[in-house]
There are 2 protein chains.
Amino acid sequence: MSEKTTIYDIAKALNITAATVSRALNNNPKISAATKKLVMETAAKMNYKQNRLALALKSGKSNNVGVIVPYIDRNFFSAIIRGIEEELYPLGYHVIICQTHEQESTEIDNINALLNAQVDGILMSVSKLTTQTDHFEYVLEKNVPLVFFDRKKDLKGVSTVTIDDFEGGYRATKHLIDQGCKRIAHLSGDWSLEIYKNRYEGYKKALTDHGIALKKEYVIKTKSDIRAGQKASEKLLMLPEPPDAIFSSSDYVALGAIQQLKKHGIKIPTEFCVVGFSNEPFTKFLELSMTTVDQSPVEMGKMAAKVFLEQVKDSNVKIEKKVVLSPTLKIRMSSVK
Amino acid sequence: MSEKTTIYDIAKALNITAATVSRALNNNPKISAATKKLVMETAAKMNYKQNRLALALKSGKSNNVGVIVPYIDRNFFSAIIRGIEEELYPLGYHVIICQTHEQESTEIDNINALLNAQVDGILMSVSKLTTQTDHFEYVLEKNVPLVFFDRKKDLKGVSTVTIDDFEGGYRATKHLIDQGCKRIAHLSGDWSLEIYKNRYEGYKKALTDHGIALKKEYVIKTKSDIRAGQKASEKLLMLPEPPDAIFSSSDYVALGAIQQLKKHGIKIPTEFCVVGFSNEPFTKFLELSMTTVDQSPVEMGKMAAKVFLEQVKDSNVKIEKKVVLSPTLKIRMSSVK
DNA sequence: TTGTAGGCGTTATCAG
DNA sequence: CTGATAACGCCTACAA
């Protein structure tokens, strides 16, 4: 029983031809009910399982999609992958995972490997260190659907699923203003990634909309970790006129800020409010739970999958869909006076 | 340039046969250096990329491995997947992801789908609700290597990579004893999963080794979430002689316990110590950081991948390797008086 | 050293 | 309705 049974085995057992077996198995209308039933039964009896590799070679569709992310164990990305998988699995697609470690060379490598593996599409979030776009254009040349989620590059023919980072930044900042904060600082990331630029723009707009002047020294670009948050907030506190609130583009940076503020004996939220970004799981579990912007990553993954599906459906027409999801402000203790 | 170039295209361009091209591309010794060079150059010029599907069909090896986990966005599992991917990618393998949602029927479904896709191996963690083992035996019948990580079923011919849960439970409990705790409770999980049973056994052994009697009412089986932790610890506090420490098999349950203790105004760690299990990322970020048992999931993933590789290397000999990793106790604030 | 031919498992096309 | 045949892209005896 360890041998794989093929449609030939079934054909032989039934004294018919493999073509007929194939037809029976595939609900082809041109087949008698009798033989169909017979084939089905013996197929079950012989424990036949379709070899998807052969089908893939024949049809040119592998029913695999490649997903490329910086690190799979970052909650934001694993949640997106979860969404993609859950949307695609019922339709017979499998998800192949690749990690870039934020390296452009690895990203290029991944794309080539996935293309060789004949994936039906590539869904990805661009790595931080990526500057070129040749490898993306190469994917398009091959007529393989390409969908960017969260981190994107602007390219003709590529669909994208993002959240409205501007809106997220705006709401977070407005919330702080509503809480009565007067001197709101912003901890941002590298602006070569649009997401950070957009969050900053939202912050800026919210301030000006409410008649608050933007202070250059209140905006600091940092890496996305706790240490960076500690250092940046220390710098802010040393200012002649220190801020009374921080909107951070990263939950980790926000956490670092909170830790530093506590070290200085500053009371949160009464004296100082903090808002993060991403709704990382830990933000909810903190004793002083953190207000943050939720990006609904599972939904983002599902949406990316849907966009991909539309693309394969009408592979003749070039679709270039830009889906922008709305962020949700999760108001928690770190910002409510 | 959108057409895929095959070895036939190269052959035609060079007025040689596809077989020769194939040999040149594969470093076959029986070929002249001249033609080899020529083939290589035109292959590069024509942007040839090997079709791995065709190779897979021909060779019977897809160079894909299937990984099945309950949920991909649980940090423990995504970290394991990260380890697997990082170990296998350099060798040309790709990782296909499936989620069971803890359902046995989905698990069976996933296995069949992966088998149909001709994966070279399946690495998985058994779902909580799985009772049968037929589908695992079926994998073995097909001569597809099967490796369990963390959650396993005992089966002949299956390799496993786990951590020493007994040891983890023992160390956690001994640590509490060393801290001077006298009445140590244990919040466990469903014992149909060995891991929970073993952690309990470690707890028990540590107690008896130190001359402490096991109290039945101090051991409660719960689900693995915060709410369950709150409820269970409430029950413990209502006991005529409430405990002064909790060792929990789950970080989430431990967090629920801590929250409940605080509600009662109990001071941690001075009056009460808590130790969790898994080293979920949030445990480190809590204001009162949580002592917990680290399972080094990335290492576990790498090890599972290595075991798989050994298995495919000598596919003739049936290997049944049982790797047991050592857990590490991360001592933090929730348990140090 | 190179060419020829067959096959991996399926499906699609064309006859019958 | 069913059978025969070719094709997907690659590799590998075997023959030359």
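Residues numbered from 1 in each chain as written. Chains lettered and ligands numbered in written order. Predicted model: local features only at pLDDT ≥ 70, side-chain atom pairs only at ≥ 80, totals over all residues. Heavy atoms only, no water.

Novice: Would you mind showing me how to read the overall build of chain A here?
Specialist: Counting its secondary structure elements, chain A contains 13 helices and 12 strands. A globule of 337 residues ought to have a C-alpha radius of gyration of about 20 Å, yet chain A, at 26 Å, is considerably larger. Dimensions of chain A, computed from the C-alpha atoms along their principal axes, are close to 90 × 40 × 30 Å. Here chain A, with 337 residues, has 56% of them falling under the buried criterion. Within chain A, contacts between residues at least 6 apart in sequence are counted, and of these 72% link residues at least 24 apart. On chain A, roughly 14500 Å² of surface is accessible, and the fraction owed to carbon and sulfur atoms is 53%. (Helix = DSSP H or I, 4+ residues; strand = E, 2+ residues; numbered from the N terminus. Rg over C-alpha atoms; globule rule 2.2 N^0.38 Å. Buried < 20%, exposed > 50% of the residue type's maximum accessible area, 1.4 Å probe, protein only. Contact = heavy atoms within 4.5 Å. Areas by Shrake-Rupley, 256 points an atom, 1.4 Å probe, with all protein chains shown as cover.)

Novice: I tried to follow the packing of helix H5 (residues 75-88) of chain B against helix H13 (residues 297-313) of chain B on my own but got confused; where do I start?
Specialist: For any two helices packed against each other, one specifies the inter-axial angle together with the distance between the axes. All names here are of chain B. At their nearest, the axes of H5 and H13 sit 7 Å apart, and the two run at 45° to each other. On the basis of the axis angle, H5 is oblique to H13. Crossing of H5 against H13: the hand is right-handed. Of the residues in H13, those in contact with Phe76, Ala79, Ile80, Arg82, Gly83, Ile84, Glu86, Glu87 and Leu88 of H5 are Pro297, Val298, Met300, Gly301, Lys302, Ala305, Lys306, Phe308 and Leu309. Residue composition of the contact of H5 with H13, grouped by class: 11 nonpolar, two polar and five charged. (Axes fitted to C-alpha atoms, helices over the stretch in contact; angles between N-to-C directions. Parallel < 35°, antiparallel > 145°, perpendicular 65-115°, else oblique. Left-handed = near helix turned anticlockwise from the far one by under 90°. Nonpolar A, V, L, I, M, F, W, Y, C, P; charged D, E, K, R; others polar.)

Novice: I'm lost on the UniProt feature "domain: HTH lacI-type" (unreviewed entry) in chain A in this one. Help?
Specialist: Following the UniProt record, one finds the feature "domain: HTH lacI-type" (unreviewed entry) at residues 5-59 of chain A. For residues 5-59 of chain A, the helix share is 67%, the strand share is 0%, and the end-to-end C-alpha distance is 21 Å. (UniProt positions renumbered as here; feature names shortened; annotations may be inferred.)

Novice: Help me out: how do you make sense of the protein's contact with DNA strand D in this one?
Specialist: Near DNA strand D you find 23 residues, and of these A:Thr17, A:Thr20, A:Arg23, B:Ile7 and B:Tyr48 are the closest. The protein-proximal atoms of DNA strand D, defined as those within 4 Å of the protein, are 62% sugar or phosphate. For DNA strand D, a phosphate oxygen lies 2.9 Å from a polar atom in the side chain of B:Ser22. Each residue belonging to the surface near DNA strand D can be placed in one class, and the counts come to nine nonpolar, nine polar and five charged. (Near = heavy atom within 4 Å. Polar contact = N/O pair within 3.5 Å; in protein donor to acceptor, adjacent residues only side chain to side chain.)

Novice: Before we go on, may I ask you to explain the protein's contact with DNA strand C in this structure?
Specialist: Around DNA strand C, 24 residues are found, and the nearest of them are A:Ser22, A:Tyr48, B:Thr17, B:Thr20 and B:Arg23. A breakdown of the atoms of DNA strand C within 4 Å of the protein gives sugar and phosphate a share of 61%. Side-chain polar atom of A:Lys58 to a base oxygen of DNA strand C: 3.2 Å apart, as the coordinates give it. Between DNA strand C and the protein, one listed contact pairs a phosphate oxygen with a backbone N or O atom of B:Thr17 at 3.1 Å.

Novice: How should the pattern of salt bridges be read in this particular structure?
Specialist: A side chain of one charge can pair with a side chain of the opposite charge when the charged atoms of the two come close. Residue and element names in this part refer to chain A. Under the counting rule described, the total for this entry stands at 36 salt bridges over all chains. Residues Glu86 and Lys302 are paired through a salt bridge, measuring 3.7 Å at the closest nitrogen-oxygen approach. Taken together, the positions of Glu86 in helix H5 (residues 75-88) and Lys302 in helix H13 (residues 297-313) put the pair 216 residues apart, joining distant regions of the chain. Put simply, Glu102 and Arg151 hold a salt bridge, and the shortest N to O gap is 2.9 Å. (Salt bridge = Lys/Arg side-chain N within 4 Å of Asp/Glu carboxyl O.)

Novice: Explanation requested: the relation of the copies chain A and chain B in the structure shown.
Specialist: The operation relating the two chain copies consists of a rotation about an axis and a shift along that axis. Screw-axis analysis of chain A against chain B gives a translation of 0.1 Å along the axis, an RMSD of 0.2 Å, and a rotation angle of 180°. The relationship between the two copies is best expressed as a two-fold rotation axis. An overlap of 100% is found between the interface residues of chain A and their copies at the interface of chain B, pointing to a shared contact surface. (Least-squares fit on C-alpha atoms with pLDDT ≥ 70 in both.)

Novice: Explain the packing of aromatic side chains to me, please; I cannot follow it from the model alone.
Specialist: Here the distance between the centres and the angle between the planes together describe a pair of aromatic rings. Residue and element names in this part refer to chain A. In total, this model carries 20 aromatic pairs over all chains according to the counting rule given. Ring plane angle 40° and centroid distance 6.2 Å describe the contact between Tyr200 and Tyr203, whose orientation is recorded as tilted. Taken together, the positions of Tyr200 and Tyr203, both in helix H9 (residues 194-209) and three residues apart, correspond to about one turn of that helix. Above the face of the Trp191 ring, Lys221 is positioned so that its terminal group lies 4.1 Å from the ring centre. (Phe/Tyr/Trp six-rings, centres within 6.5 Å; stacked < 30°, edge-to-face > 60°. Lys NZ or Arg CZ within 6 Å of the ring centre and 35° of its normal.)

Novice: Where do I start with unusual backbone geometry in this structure?
Specialist: Glycine aside, a negative phi is what most residues show, and trans is what most peptide bonds show. Residue A:Pro269 is bonded to the preceding A:Ile268 through a cis peptide linkage, with omega at 5°. Looking at where A:Pro269 falls in the secondary structure, it is placed in the loop between helix H11 (251-263) and strand S9 (273-275). Backbone geometry at B:Asn27 places phi at a positive 60°, although glycine is not the residue there. Checked against the element boundaries, B:Asn27 lands in the loop between helix H2 (18-25) and helix H3 (33-45).

Novice: Just to check I follow, could you spell out the interface of chain A and chain B for this structure?
Specialist: On the chain B side, the residues contacting the 52 residues of chain A number 52 residues. Of the roughly 4900 Å² buried where chain A meets chain B, counting both sides, 55% is carbon and sulfur surface. Interface area lost by chain A to chain B is led by A:Leu53, A:Asp73 and A:Phe285, which between them contribute 14%. Our enumeration of links across chain A and chain B arrives at four salt bridges. Between B:Arg82 and A:Asp73 there is a salt bridge whose closest N-O contact spans 3.1 Å. If you list the elements that add at least two residues to the side of chain A that touches chain B, you get helix H4 (52-59), H5, strand S2 (94-99), helix H6 (104-116), helix H7 (134-141), H11 and helix H12 (281-285) of chain A. Of the residues belonging to the side of chain A that touches chain B, the class tally is 24 nonpolar, 15 polar and 13 charged. When S2(A) meets strand S2 (residues 94-99) of chain B, the two strands line up antiparallel, connected through three bridges. Note that in S2(B) the partner of A:Ile96 across the bridge is B:Ile96. (Buried area = accessible area lost by both parts, 1.4 Å probe. Pairing = 2+ DSSP bridges.)

Novice: Quick question: what am I supposed to make of H7(A) here?
Specialist: For the α-helix, the turn length of 3.6 residues means that residues three or four positions removed from each other point alike. Residue and element names in this part refer to chain A. Every buried residue of H7 is accounted for by His135, Phe136, Tyr138, Val139 and Leu140. Buried residues belonging to H7 abut H6, strand S3 (121-124) and strand S4 (146-149). Directly beyond the C-terminal end of H7, a positive phi value near 60° is found at Asn143.

Novice: What's the story with H11(A) in this structure? I'm lost.
Specialist: Residues and elements named next belong to chain A. Taking 1.5 Å of rise per residue, the 13 residues of H11 would be expected to cover 18 Å, and the 18 Å separating its terminal C-alpha atoms lies within 8% of that figure. Among the residues making up H11, those that are buried are Asp251, Val253, Ala254, Leu255, Gly256, Ala257, Ile258, Gln260 and Leu261. Sitting at the head of H11, Ser250 places a side-chain oxygen 3.1 Å from the backbone nitrogen of Tyr252. Taken from the residues just after H11, Gly265 is the one with a positive phi, measuring 75°. (Expected span 1.5 Å × (residues − 1).)

Novice: Whenever I open this one, the nonpolar core confuses me. Can you help?
Specialist: A:Val67, A:Leu123, A:Phe149, B:Val67, B:Leu123 and B:Phe149 are the most contacted members of the largest nonpolar core, which totals 133 residues. The residues touching B:Phe149, leaving out its near neighbours within four places in the chain, are B:Val67, B:Ile68, B:Val69, B:Phe77, B:Ile80, B:Ile84, B:Leu123, B:Met124, B:Ser125, B:Val161, B:Met300 and B:Ala304. Core analysis: the second largest hydrophobic core is formed by 38 residues, A:Tyr138, A:Val144, B:Leu114 and B:Tyr138 among them. (Core = buried A, V, L, I, M, F, W, Y, C linked by side-chain atoms within 4.5 Å.)

Novice: Can you help me understand the domain arrangement of chain A in this one?
Specialist: A common way to express how large an interface is: the accessible area buried when the components associate. Residue and element names in this part refer to chain A. As far as domains go, chain A holds domain 1 (7-50), domain 2 (63-162 + 297-325) and domain 3 (165-295 + 329-335). The interface of domain 2 with domain 3 comprises nine residues on the first partner and nine residues on the second. Of the roughly 930 Å² buried where domain 2 meets domain 3, counting both sides, 48% is carbon and sulfur surface. Taken together, domain 2 and domain 3 are joined by one salt bridge. The shortest N-O distance in the salt bridge between Lys152 and Glu194 comes to 2.7 Å. At the junction of domain 2 with domain 3, the criterion picks out one residue pair in polar contact (both at pLDDT 80 or more). Tallied by class, the residues present in the side of domain 2 that touches domain 3 amount to three nonpolar, one polar and five charged. (Domains from an automatic or database assignment.)

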